[in-house]
Structures are given as structure tokens and as C-alpha cells.
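Here are the chains, one letter per residue:
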Amino acid sequence: SCLATDLLNPRGALRLLYASDTLIEIIASVVGRERDHPYRLADPLGACSVNVYQKGWGTGWHFDESLFTVTLSLESASRGGEFEFSLPLRASSEELPISVGAYLDGTAAHPPSVKPFAPGTLSVFAGRHSLHRVTPVEEGRRVSAVLCFADTPGVVNSPLVQRTYWGRES
């Protein structure tokens, strides 16, 4: 399940972290955008959310709409729930390279990368450019905070993404 931004405590640690200018500065430094810093999403559902994956749950291969996504591992599954991602496959959100099909059918020349995701791990990821997924949880559950950023102010996820992840539109 996905807990939308508007369901999280506005004074809770996660929302305060997302609102922190220090976090923006850290992300800008990590991604080399000190002068042209990323902006917080204006999406009342998907700017800052929490994903909870129970046994059998995962996400299929996809690209993000946001420029950068920061994930914070809160709980890792005992087995499964791996975050897999491709090398960057596209330069813009309009492209859909042929190589996407190779990941979907398991024949990619470069297998997906898997990174450890122990609780407390903070990851900055350009999901707009790299195909990625979370494999189904086999044992335990996986809980992660997802903080999304854009290259321009006022960005809101598409109605399709809002319905897919939060079951409603803003």
C-alpha cells in the first residue's frame, strides 16, 4: 500500500525532512545541481509518501515522472523486495527505447543492478531515466519513504500515477 503525502503527519519527521532546505542542498550537491537546485513536488499525494510492501507485493518495471527520487529505507524484507534498476536508458521522459523490452522479458544485455537497502539507507535515484522495480517480497515486509523532486516548481504527478499509487486524484 502507499500512504499519500496528505495522510502523513505534517509535523512528523518525514514531512519535516522533506521540507528541509538542508535536504535540498544535499541532493543538489549529490546530483551536481548546486546552481539549479531541484524543487519539491507540489503533488499533495505523491510529493512525500510511504510505500509498504507485504508478502507477494512489488512493483513492475517503470520510469518515474519526477526528476529525482530519494528513498529512505525504514524496514527491509527478510527475503525479496529488492530494488532493481537499469543503466540510464533514456535522456527524456518522451523517449521509450527499444532496450526497455529486453528488461521486461529478461533478456537485457546488462542485467539490472541491485543495491542493498538496509533500514536507514538513503538513496538518490534518477528514475525518469532508468527503468526500475521492486521485486515481490517473499518474507517479511518492506517499508520505504519516497521523496520526489522536479527540475521546475509546481510539478504534480499525472492523474494516472496518482490513481495507480494512491487510488485517487488530487
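Just above sits the structure.
Here the structure is a predicted model, which is why all the values come from computation and not from measurement. (Residues numbered from 1 in each chain as written. Predicted model: local features only at pLDDT ≥ 70, side-chain atom pairs only at ≥ 80, totals over all residues. Heavy atoms only, no water.)

**Q** Residue-level account of the pattern of salt bridges, with values.
**A** By the definition in use, this model includes eight salt bridges. Residue Arg 79 pairs with Glu 138 through a salt bridge whose shortest N-O separation is 3.5 Å. One end of the pair, Arg 79, is in strand E6 (residues 79-80); the other, Glu 138, is in strand E11 (residues 137-139), and 59 residues separate them in sequence. Across the salt bridge formed by Glu 84 and Arg 133, the nearest N and O atoms sit 2.7 Å from each other. You can see Glu 84 sitting in strand E7 (residues 83-85) and its partner Arg 133 sitting in strand E10 (residues 132-134), a full 49 residues away along the chain. (Salt bridge = Lys/Arg side-chain N within 4 Å of Asp/Glu carboxyl O. Helix = DSSP H or I, 4+ residues; strand = E, 2+ residues; numbered from the N terminus.)

**Q** Go over the sheet that holds E10, please, and point to the residues and values.
**A** The strand order across the open sheet formed by four strands is E4-E10-E7-E8, and the pairing between neighbours is antiparallel. What marks the edges here is a single partner per strand, and that holds for strand E4 (59-62) and strand E8 (113-115). With direction set aside, neighbouring strand axes in the sheet form an average angle of 20°. Pairing of E7 with E10, which is carried by three bridges, proceeds in the antiparallel orientation. When the sheet's bridge partners are listed, Phe 85 is paired in E10 with His 132. (Pairing = 2+ DSSP bridges. Axes fitted to C-alpha atoms, helices over the stretch in contact; angles between N-to-C directions.)

**Q** Lay out the side chain of Thr 135 with the relevant residues and their values.
**A** On the secondary structure map, Thr 135 appears in the loop between E10 and E11. Apart from the residues within four sequence positions on either side, Thr 135 is in contact with Trp 57, Gly 58, Gly 80, Gly 81, Glu 82 and Glu 84. (Contact = heavy atoms within 4.5 Å.)

**Q** Report on the nonpolar core, specifying residues and quantitative values.
**A** Counting residues in each nonpolar core, the largest one holds 22 residues, and the members touching the most others are Leu 14, Tyr 18, Leu 41, Cys 48, Val 50, Leu 147 and Phe 149. Secondary-structure elements contributing two or more residues to this core are helix H1 (13-19), helix H2 (21-30), strand E3 (48-53), strand E5 (68-75) and strand E12 (142-150). Ranked by the residues each element gives to this core, the list is headed by E12, at seven residues. (Core = buried A, V, L, I, M, F, W, Y, C linked by side-chain atoms within 4.5 Å. Buried < 20%, exposed > 50% of the residue type's maximum accessible area, 1.4 Å probe, protein only.)

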